[in-house]
Amino acid sequence: MAPPNIMSQQHSKHSTAKCLTRFKGDDLFNKEIALKKRGQCVPIVAETSRMKVDKLKIIVFDLDYTLWPFWIDTHVSPPFKKHNGGVVDTYGAAVKYYSEVPEVLKILTELGYEIGIASRTSEIRAANQLLDLFNWNKYIKYKQIFPGCKVTHFSNIKEQSKREYDEMLFFDDESRNIRDLNKVGVVSILVKNGVTMHAVEQGIKNYAKQRT
């Protein structure tokens, strides 16, 4: 086995320290988190003053390749369980989510938004189990997890919440779902590499432009 690259490790630590202090003292930002990804320090910053839009009430997310990087019905094997501080499937393989998702859900909830899930997966029990194991249920008010058209999911959310489609925002990784929901009046955002804080901020900005 090759010896560790000490210089590389020192550079990575130095970069992390720089990233953590980059936004110090900037009153525009009230969330400062830095994650280390592939040797790079990636800041997650929420400019919450711009993320609160009065008309927007409900933010809904798909699951597969939106909140987590896999198809739950084919890429992992339920049931799942907690193991060594993480979650594993029935074969002991680690099951992970997109790294910024917990902070996204937390911040949106703190801002007063209601959170919904709209997924067409057939692995209903497995999806609900992961939401529980990831400790996300404390943020989620509406769940629509079953095969079918996303319009049906949103129709149910509309009925349950007593809100209109123009008060909702949706994030999904499939263009067909984006088209279907846009047609009924839900501002819908296509995500290509999972939900991030930046993607959500831009989505809310897009919503504000369309609704003003």
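Scroll up for the structure.
The present account deals with the structure reproduced in this document. Starting from 1, residues in each chain are numbered consecutively following that chain's sequence as written. Side-chain atom pairs in this predicted model are given and counted only at pLDDT of 80 or more, local residue features only at pLDDT of at least 70, and totals for whole chains, interfaces and linings cover all residues. Think of the side-chain values as coming from all heavy atoms in the structure, minus any hydrogens and water.

1. Some thoughts on the nonpolar core
Counting residues in hydrophobic clusters, the biggest one holds 45 residues, and the most contacted among them are Ile-59, Phe-61, Leu-108 and Ile-204. Contacts are assigned to residue pairs with any non-hydrogen atoms lying within 4.5 Å of each other. In contact with Ile-59, other than residues within four places in its own chain, are Leu-108, Tyr-113, Glu-114, Ile-115, Gly-116, Leu-169, Phe-171 and Ile-204. Residues grouped as a nonpolar core are buried Ala, Val, Leu, Ile, Met, Phe, Trp, Tyr and Cys residues, joined through side-chain atoms within 4.5 Å. To sort residues, take the accessible area from a 1.4 Å probe on protein chains only and compare it with the maximum for the residue type: under 20% means buried, over 50% means exposed, and anything in between is partly exposed. The next biggest cluster of nonpolar side chains, apart from the first, holds 11 residues, and it includes Ala-118, Ile-157, Tyr-165 and Leu-181.

2. Overview of the environment of Arg-211
In DSSP terms, a helix is any run of H or I states spanning at least four residues, a strand is any run of E spanning at least two, and both are numbered starting from the N terminus. When you line up the elements, Arg-211 lands in the segment after helix H6 (197-210). In this structure the C-alpha to C-alpha distance between Arg-211 and Lys-55, which are 156 residues apart in sequence, comes to 8.1 Å. Here Arg-211 is in contact with Lys-55, Asp-166, Gly-185 and Val-187, once residues within four sequence places are set aside. A polar side-chain atom of Arg-211 sits 3.3 Å from the main-chain carbonyl oxygen of Asp-166. Whenever two N or O atoms come within 3.5 Å, that pair is a polar contact, provided that in protein one can donate a hydrogen and the other can accept it, and provided that, for residues adjacent in sequence, both atoms are side-chain atoms.

3. Here's the deal with helix H5 (residues 175-184)
Along an α-helix, residues three or four positions apart point the same way, because every turn accommodates 3.6 residues. For H5, the complete set of buried residues consists of Asn-177, Ile-178 and Leu-181. In an axial view of H5, the angular spread of the buried residues amounts to 100 degrees, which keeps them on one side of the axis. Of the exposed residues in H5, those oriented more than 90 degrees away from the buried face are Arg-179 and Lys-183. In this structure, the buried side of H5 is in contact with helix H4 (150-161), strand E8 (168-172) and strand E9 (187-190). This arc is built from the directions going out from the helix axis to the C-beta atoms.

4. Side note on the pattern of salt bridges
Opposite charge on two side chains permits them to pair, given that their charged atoms come into close proximity. Basic side-chain nitrogens of Lys or Arg form a salt bridge, by our definition, when they fall within 4 Å of a carboxyl oxygen of Asp or Glu. This structure, assessed with the given rule, holds 8 salt bridges. Across the salt bridge formed by Lys-150 and Asp-172, the nearest N and O atoms sit 2.6 Å from each other. Of this pair, Lys-150 sits in helix H4 while Asp-172 sits in strand E8; the two residues are 22 residues apart in sequence, bridging distant segments of the chain. Of the two residues, Lys-150 and Asp-172, both sit in the buried class.

Fair warning: the whole summary comes from geometry, so function is off the table for now.
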